[in-house]
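Structural description and commentary
Here's the letter readout for the chains.
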Amino acid sequence: MGTEGNEGKGGTSAPRTLAEALRARGDEGLAVLLRARPDLLVPVPGDLTQLATRAGTRASVVRALERLDRFSLQTAEALAVAPDPAPYPVLLGLMAGDEGDPAIEAALPGAVALLRDQALVWGDDERLRLVRTARELLAPSPQHPSPTGLGPTVAEATSGMSPTRIQEILAAVGLPTTHDPVSAVAALTELFTDRERMAALLDGAPTDALGVLDRLVWGPPYGEVTPNPAPPVRWLRDRGLLLPATARTVVLPREAALHLRGGRAHRVPEPVPPVVAPARSVATAEGRPQVVDSAAAGQAYTALATVEELLREWHEGGPPVLRSGGLAVRDLKRTAAALDVPEPVAAFWVELAYAAGLVAPDGEADERYAPTPAYDEWLDLPTAERWARLVAAWLPATRTPGLVGGQDTKGRTLSALGPDLDRGAAPEVRRRVLTLLAGLPAGTSPDPDTLLARLRWERPLRGSAAAAGTDLRARLATWALAEAELLGITGRGALSSPGRALLTPAQAYGDAPAPGTGTPHATPVAGPATTAGDTAASSPAGTATTTGAAPADGPAAGAEPRGRLGDGGISVTEAAEGAARAAALLAPLLPEPVDHVLLQADLTAVAPGPLRRPLAETLSVLADVESKGGATVYRFTPASVRRALDAGQAAADLHAFLAAHSRTPVPQPLAYLIDDVARRHGHLRVGAASAYVRCDDDAVLGEILADKRSASLRLRRLAPTVLAAQADPAALLEGLRAMGFAPAAESAEGDVLVTRAHARRTPPRTPPAPVPDGPPVPDATLLGAAVRAIRAGDQAAAVVRKEESSGHGGGDLPRTSAAETLATVQAAAMTGSAVWIGYVNADGAASQRVIAPVRVEGGFVTAYDHTADEVRTYPLHRITGVAEVADDQL
């Protein structure tokens, strides 16, 4: 079955331990295990016994169980309530029931193969064993009810019962009494597991008693009783169909519950993954998804414009960094208002810019957020490559903007750019969502409910998360769909052609297995793609195969990316490669920037498309954006014209600029507006005394003094053409502008100060690294090296010294004199034989090694180390002693 379907059958006997079962595997079987459970490689186990021990630890088993799909987990749960060991037919009966189920019969071999590949189950088909830790986690108990809803066995429930009471139960069900409680329990168990005799017993039960059983049969199996129970409960209790759990609690024994269930361990087994149904199709009549690609391309351009606008807002220094890190709520509100988007969307754009390395804290004493030098480099890239940079940052990012505004475990509000936003499952969920979208027909969006149902099948909730109903993966999937739409990876909910290019070739057509499981399931969709129910079993322990699916032992060669983050995640390198492929497809779909606008008589300018950068930058200073969309509308106002004049532009420059870039004549109202503002611009001069105002026209100064709005500036006349103020120059400038004047700042020499925007940049910053929720999935090179090292360590651990074979030595480090050590290794080098050495490294750690000396000189011995499976050099003074290896070893 799978990789290890015949383990134990090729040898003289079945494996007695998990270590023996692992030892019977081939190298590919070990690689499958280490790929599925990469935590077993940290650090690399010294031998197979150590690997088996680590595979049975609670933390590792919990992690493996959390990454099983629903049917594989149901199979493990059934084994936890089955006899230990359990023959395959018994397990099949627990899963399919007395009546059988073809879908379960077809899918069960694959589930058992998966559990066996991941070392959660071992033994041949006659003796299937769930590892002890998994059985402890999944077996029913009053403190931790089983997901099956079953209770304890008759033997477990009667363990504290008096022998007399057990004999009374036997008599009540018509069985002969026995001489000991063990045989009495065995007789009662045999009755409850005999379908015909059990049916006859229940035929004589009162109707109300059957109603009590109906309430307990699917769990929970416990019920409270009074000291004087009702007749139906007394009838059941007298016959052992309800056994005491505590003084006030009874329990339905497992064997009785299974009879009432028809042999099923689960109420609703789910052998086939749910179908991801299409919601609607936006493809053209010919079936070509140009509509999707066009919508996605338009949204991709909007994404770039939004990020540019965000960084332009923070061009001179963004909002301050909170003492605890992150962005204040009021600053996020201001940013959302500036971008004209809801706050959750603003949090996404801020986090995306941060993940792409375009924004970061500046590191100053009064720390603020600001663009990084990488932002300037990003602006110089072609449009499609800028988009690819954003997507390559989004795919592997573990920071989760959707959490912003929520609370952490201590009740503190999570802020954008703040700590505690990393969720290691985010990259894997994004990749899986895109893969499932790729399994739908081109141009089709998914029904969100069926998509979430599929994800819940692939990673069912367990433990506290299931009890609380907090499905983080479902929320991550919902956020992934929304974020993909914002980035233009999807268009109108359907995966675009550039979006497919982000995936590997196998994933792009929806035929990759469920991530992290190696489950041989295709991606079922309602349409012409592969549908569910195509699995078939070659034998009870054979490999389940699926039409169009990848092999059962995980992704095929080439489908598993290098250095993947966590289980089913995506590496930074793979994300960059996929984004580059997508950018090549997106580039022809993006609109070409235009170099002109359409000026209108109502003091507006219409940009018929995206503007070239120099034109867009100048126009953003000269006018205010009034509306966005397919065409951007700019409005000219006195304040915006004054802003351009403050930046050093002259009226003639503005007239020339508009004439050069407008496809329509410059309207007379706009020309008058520019000339009028320019005529008054600089007529008043503001400098630093505290501050002063000077003007050649003393009537203007008189008008200012008479205006009530100037009271806050506390002005007084020093001379006919000079006013002094008790406000600083900046406040004085703003106050006069609010009164309708157009003052200009001047230097100490009396020259007009040109106030251009000061670009603030942080020092070079590294983008935040993803924080996976586990060790990365090893690549083929690391897997091969790890398997060789484990094999070599296992072989060395099995080597017997001659002293041990004679009953001496006891397994301690060999001890010999320096002269004897030198003579022995020299002789081994000449004969090419292997020896056992004790070695103490520079840190004082002692170990035993099996080496084949090659050369001995200069106080060092160079040898092939069987333990490490490589050639190494050892100082002779660190070798504690040498012993010959038994003749039948190595």
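Just so it is clear, the model here is predicted, and its values are computed rather than measured.

The next thing to look at is the overall build of the protein. The helix and strand inventory of the protein stands at 36 helices and 25 strands. Looking at the 890 residues of the protein, the share that counts as buried comes to 49%. Look at the contacts in the protein between residues 6 or more apart in sequence, and 67% of them connect residues 24 or more apart. Accessible area of the protein: about 39,300 Å², with a carbon and sulfur share of 54%.

With that settled, consider the pattern of salt bridges. A complete count under the given rule lists 31 salt bridges for this structure. Residue Arg709 is joined to Asp707 by a salt bridge in which the shortest nitrogen-to-oxygen separation is 2.9 Å. Ionic pairing is found between Glu734 and Arg737, a salt bridge with its closest N-O pair at 3.8 Å. Residue Glu734 and its partner Arg737 are both found in helix 33 (residues 729-738); the two are separated by three residues, about one turn of the helix. Assessed through its relative accessible area of 51%, Glu734 is described here as exposed. Linked by salt bridges that have partners in common, Asp84, Arg129 and Arg135 make up one network.

Moving on: helix 20 (residues 383-394). Along its twelve residues, helix 20 runs 17 Å from first to last C-alpha, staying within 8% of the 16 Å computed at 1.5 Å per residue. Of all twelve residues in helix 20, nine are buried, a share of seventy percent or more. Within helix 20 the residues assigned to the buried category are Ala384, Arg386, Trp387, Ala388, Leu390, Val391, Ala392, Ala393 and Trp394.

With that out of the way, let us pick up the confidence of the model for the protein. Considering every residue of the protein, the mean pLDDT works out to 82; 84% of them sit at 70 or more. Considering only residues more than four positions removed or in separate chains, one finds that residues 1-12, a stretch of pLDDT under 50, has 34 contacts. When the criterion is pLDDT under 50, residues 464-469 qualifies, and its contacts beyond four places in sequence or with other chains add up to two contacts.

Analysis parameters
- Residues numbered from 1 in each chain as written.
- Predicted model: local features only at pLDDT ≥ 70, side-chain atom pairs only at ≥ 80, totals over all residues.
- Heavy atoms only, no water.
- Helix = DSSP H or I, 4+ residues; strand = E, 2+ residues; numbered from the N terminus.
- Buried < 20%, exposed > 50% of the residue type's maximum accessible area, 1.4 Å probe, protein only.
- Contact = heavy atoms within 4.5 Å.
- Areas by Shrake-Rupley, 256 points an atom, 1.4 Å probe, with all protein chains shown as cover.
- Salt bridge = Lys/Arg side-chain N within 4 Å of Asp/Glu carboxyl O.
- Expected span 1.5 Å × (residues − 1).
- pLDDT = per-residue confidence, 0-100.

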